[in-house]
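Here's the letter readout for the chains.
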Amino acid sequence: MSDQKPTDSIFDQLNAFGHKKVVFCNDPDTGLRGIIAIHDTTLGPAFGSTRMWSYKSEADALYDVLRLSKSMTYKCAIAGLNMGGGYSVIIGDSRKDKTEAMMRKFGRFVKNLNGEFITSEDVGTNPRDMEYIRMETQHVTGIPESLGGSGDPSPIAAKGVFMGIKAAVKELYGNDTITGRSVIVQGIGHVGENLVKLLRDENAKVYISDINDERTRQVSKKYGAEAVSNNSIFDIDADIYSPCALGATINTQTIKKLKCGIIAGSANNQLQNEQEHGEMLLEKGILFAPDYVINAGGIINCYSELMGFSKKRTLQLTENIYDATRNVLKLSKLENISTTEAANKIAEKRIADIKKVKSTY
Ligand SMILES: NC(=O)c1ccc[n+]([C@@H]2O[C@H](COP(=O)([O-])OP(=O)(O)OC[C@H]3O[C@@H](n4cnc5c(N)ncnc54)[C@H](O)[C@@H]3O)[C@@H](O)[C@H]2O)c1
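Since the model is a prediction, treat every value here as computed from it, not as a measurement.

**Student:** Is there a simple way to explain the overall build of the protein chain in this structure?
**Tutor:** Within the protein chain one finds 14 helices and 11 strands. Its C-alpha radius of gyration of 20 Å places the protein chain within 12% of the 21 Å reference for a compact globule of 361 residues. Expressed as a percentage of its 361 residues, the buried residues of the protein chain come to 50%. Sequence-distant contacts, at least 24 apart, represent 65% of the contacts inside the protein chain between residues at least 6 apart.

See below:
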């Protein structure tokens, strides 16, 4: 799954990423300027969140939505969901520019796709926005529990990351016991805090760091985790580094410093350059549990909402992340390829196989 921007030409970009459809949502009356990208619908309707962000340029917004929608195709495929990959972005400052009318107009654009695209919340959008979209179309998830939705996906996302960590521990140490292992959790927001709880419940030694000092103090006290400064996390000799804040924290500089045996966290796009840094980690012998494999709990939660699954079934699907991660790590070892390359291979194979199934009408 290449993450390189190939060209400035819109059509060449669509060809390079392999997109099926891109819809530009322009509405001067409400100020809506958005893009819905549908990457692949072989496995089912395209599933993807809606991000609102002050992009520096329209080209940046397009590149972001193309990249994010393609990775959703892979995430759904490897999680075993019958959903394709999509994403949408709205250009603007979510704190200043967002209105009910804008979100409902966006909902109308989603409605016009007749179920080919189903959305949920992301950076810059929240359950209230999903309620507005829901007023115009049923093709939205992440609705509050009080309105019959699945609510906050973060605890399930954290559970999936925890299963991914266990699978990586099993691969490296021969058993998946977390007790006594040391873990650095970088970013203790919605997912990070839930992960700290799961790790501490199994008596792991947990280090935490966040740019929000007050939050760090609270989480440290609540769970008995050791607070460390953001600058020092790469100097700590821990078994596992769990990035749960932003992407691209794994790059040429940080790989040189890393002392851990495993990287496994929730942040999307952790490798600054998928191919180059995936191979560097392979050479250094650090086991990288690919982010899109182990952070699929959030989307599994939305999928369950869509399918009307019980909480028990949602949990089962999330626990499957353990086996999905094991399969990726095994293939990486067998073929001596990076774990990301192994994950991409498994995802692409499932899509190719199901394409054959769907060739009969
Ligand atoms: N919430 C979900 O269900 C879900 C699902 C899949 C993936 N993810 C990904 O997981 C990551 C965390 O998601 P979240 O919902 O917990 O977000 P969040 O905004 O609740 O938490 C992020 C935390 O990271 C901290 N942070 C920001 N920059 C930092 C830095 N440079 N160093 C240390 N800490 C920093 C923030 O202060 C915040 O506490 C994101 O990359 C998100 O895309 C989330």
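**Student:** Help me understand the sheet that holds strand E5 (residues 117–121) in this model?
**Tutor:** Sheet strands pair by backbone hydrogen bonding; their relative direction is either parallel or antiparallel. What the 5 strands build is an open sheet, ordered E1-E2-E4-E3-E5; its pairing is mixed. Taken across any chain shown, the strands that pair with only one partner, and hence form the sheet edges, are strand E1 (21–27) and E5. Ignoring strand direction, the axes of neighbouring strands in this sheet form an average angle of 20°. Pairing geometry for strand E3 (residues 46–53) and E5, over 5 bridges, is parallel. Looking at the pairing, Phe47 lines up with Ile118 of E5. Together, E1, strand E2 (32–40), strand E4 (84–91) and E5 form the strand contacts of helix H3 (residues 100–112), whose direction differs from that of E2 by roughly 30°.

**Student:** It is not clear to me how the domain arrangement of the protein chain should be interpreted in this structure. Could you clarify?
**Tutor:** How big an interface is tends to be expressed through the accessible area that disappears when the partners come together. Each assigned domain of the protein chain is listed here: domain 1 (10–70 + 84–146) and domain 2 (154–349). Computed over C-alpha atoms, the centres of domain 1 and domain 2 are 27 Å apart. Opposite the 5 residues of domain 1 that make contact, domain 2 presents 4 residues. Partitioning the side of domain 1 that touches domain 2 into residue classes produces 2 nonpolar, 3 polar and no charged.

**Student:** Mind showing me how you'd approach the pairing of E1 here?
**Tutor:** Pairing of E1 with E2 involves 7 bridges; the strand directions are antiparallel. Considered in E2, the bridge of Val22 is made with Ala37.

**Student:** Just checking my understanding: could you explain the site of the ligand for this structure?
**Tutor:** Surveying the vicinity of the ligand reveals 24 residues, the closest of which are Ala157, Gly187, Gly189, Ala245 and Gly298. Mapped onto the shell around the ligand, the elements with two or more residues apiece are helix H5 (154–173) and helix H6 (190–201). Top contributing element to the shell around the ligand by residue count: H6, with 3 residues.

**Student:** Help me understand the sheet that holds strand E11 (residues 287–288) in this model?
**Tutor:** Ordered by their spatial adjacency, 6 strands build an open sheet running E8-E7-E6-E9-E10-E11, and the pairing between neighbours is parallel. Across the chains shown, the open sheet's two edge strands, defined by having one partner strand only, are strand E8 (226–227) and E11. Of the pairings in the sheet, the one linking strand E6 (residues 182–186) to strand E9 (residues 240–243) comprises 4 bridges and is parallel in character. Bridging from a neighbouring strand, Ile184 pairs with Tyr241 of E9.

**Student:** Is there a simple way to explain the nonpolar core in this structure?
**Tutor:** As a rule of thumb, nonpolar side chains are buried together in soluble globular proteins. Ranked by internal contacts, the top residues of the largest apolar core, which has 102 residues, are Leu195, Ala289 and Val293. When residues of this core are assigned to domains, at least three fall in each of domain 1 (10–70 + 84–146) and domain 2 (154–349). Excluding anything up to four places from it in sequence, Ala289 contacts Gly164, Ala167, Ala168, Ile262, Ile263, Ala264, Ile294, Thr325 and Thr339.

**Student:** Which parts of the structure should I look at to understand the pairing of E3?
**Tutor:** One face of the sheet, then the other: side chains in a regular strand alternate in exactly this way. The buried count for E3 comes to 7 of 8 residues, which makes it a mostly enclosed element. The parallel pair E3 and E4, bridged by helix H2 (residues 58–78), forms a crossover whose chirality is right-handed.

**Student:** I tried to follow the confidence of the model for the protein chain on my own but got confused; where do I start?
**Tutor:** The predicted coordinates should not be examined in detail at positions where pLDDT is low. Predicted confidence across the protein chain gives a mean pLDDT of 94, with 98% of residues reaching 70 or more. Across the assembled chains, the prediction reports ipTM 0.99 with pTM 0.92.

**Student:** I keep staring at H3 and nothing clicks. Help me out?
**Tutor:** Two residues of an α-helix separated by three or four positions point the same way, owing to the 3.6 residues in each turn. Here H3 is 13 residues long and its end C-alpha atoms lie 19 Å apart, about the 18 Å a rise of 1.5 Å per residue gives. The complete set of buried residues in H3 reads Met102, Met103, Lys105, Phe106, Gly107, Phe109 and Val110. Against the buried residues of H3 lie E1, E2, E4, E5 and helix H4 (127–134). Backbone geometry just downstream of H3 places Asn114 in the positive-phi region, at approximately 50°.

**Student:** What am I meant to see in unusual backbone geometry here?
**Tutor:** As a rule of thumb, non-glycine residues mostly have phi less than zero, and peptide bonds are mostly trans rather than cis. The phi dihedral of Asn269 falls on the positive side, at around 50°, and the residue is not glycine. Mapped onto the elements, Asn269 comes out in the loop between strand E10 (262–263) and helix H9 (274–284). Positive phi outside glycine occurs at Asn336, with the angle close to 50°. Its location among the elements puts Asn336 in the loop between helix H13 (321–335) and helix H14 (339–357). Residue Asn336 is classed as exposed on the basis of its C-beta count, with 8 C-beta atoms lying within 10 Å.

Rules used in this analysis
- Residues numbered from 1 in each chain as written.
- Predicted model: local features only at pLDDT ≥ 70, side-chain atom pairs only at ≥ 80, totals over all residues.
- Helix = DSSP H or I, 4+ residues; strand = E, 2+ residues; numbered from the N terminus.
- Rg over C-alpha atoms; globule rule 2.2 N^0.38 Å.
- Buried ≥ 20, exposed ≤ 12 C-beta atoms within 10 Å, placed from the backbone.
- Contact = placed C-beta atoms within 7 Å.
- Pairing = 2+ DSSP bridges.
- Axes fitted to C-alpha atoms, helices over the stretch in contact; angles between N-to-C directions.
- Domains from an automatic or database assignment.
- Nonpolar A, V, L, I, M, F, W, Y, C, P; charged D, E, K, R; others polar.
- Near = placed C-beta within 6 Å.
- Core = buried A, V, L, I, M, F, W, Y, C linked by C-beta atoms within 7 Å.
- Right-handed = clockwise from strand over helix to strand, strands pointing away.
- pLDDT = per-residue confidence, 0-100.
- Expected span 1.5 Å × (residues − 1).

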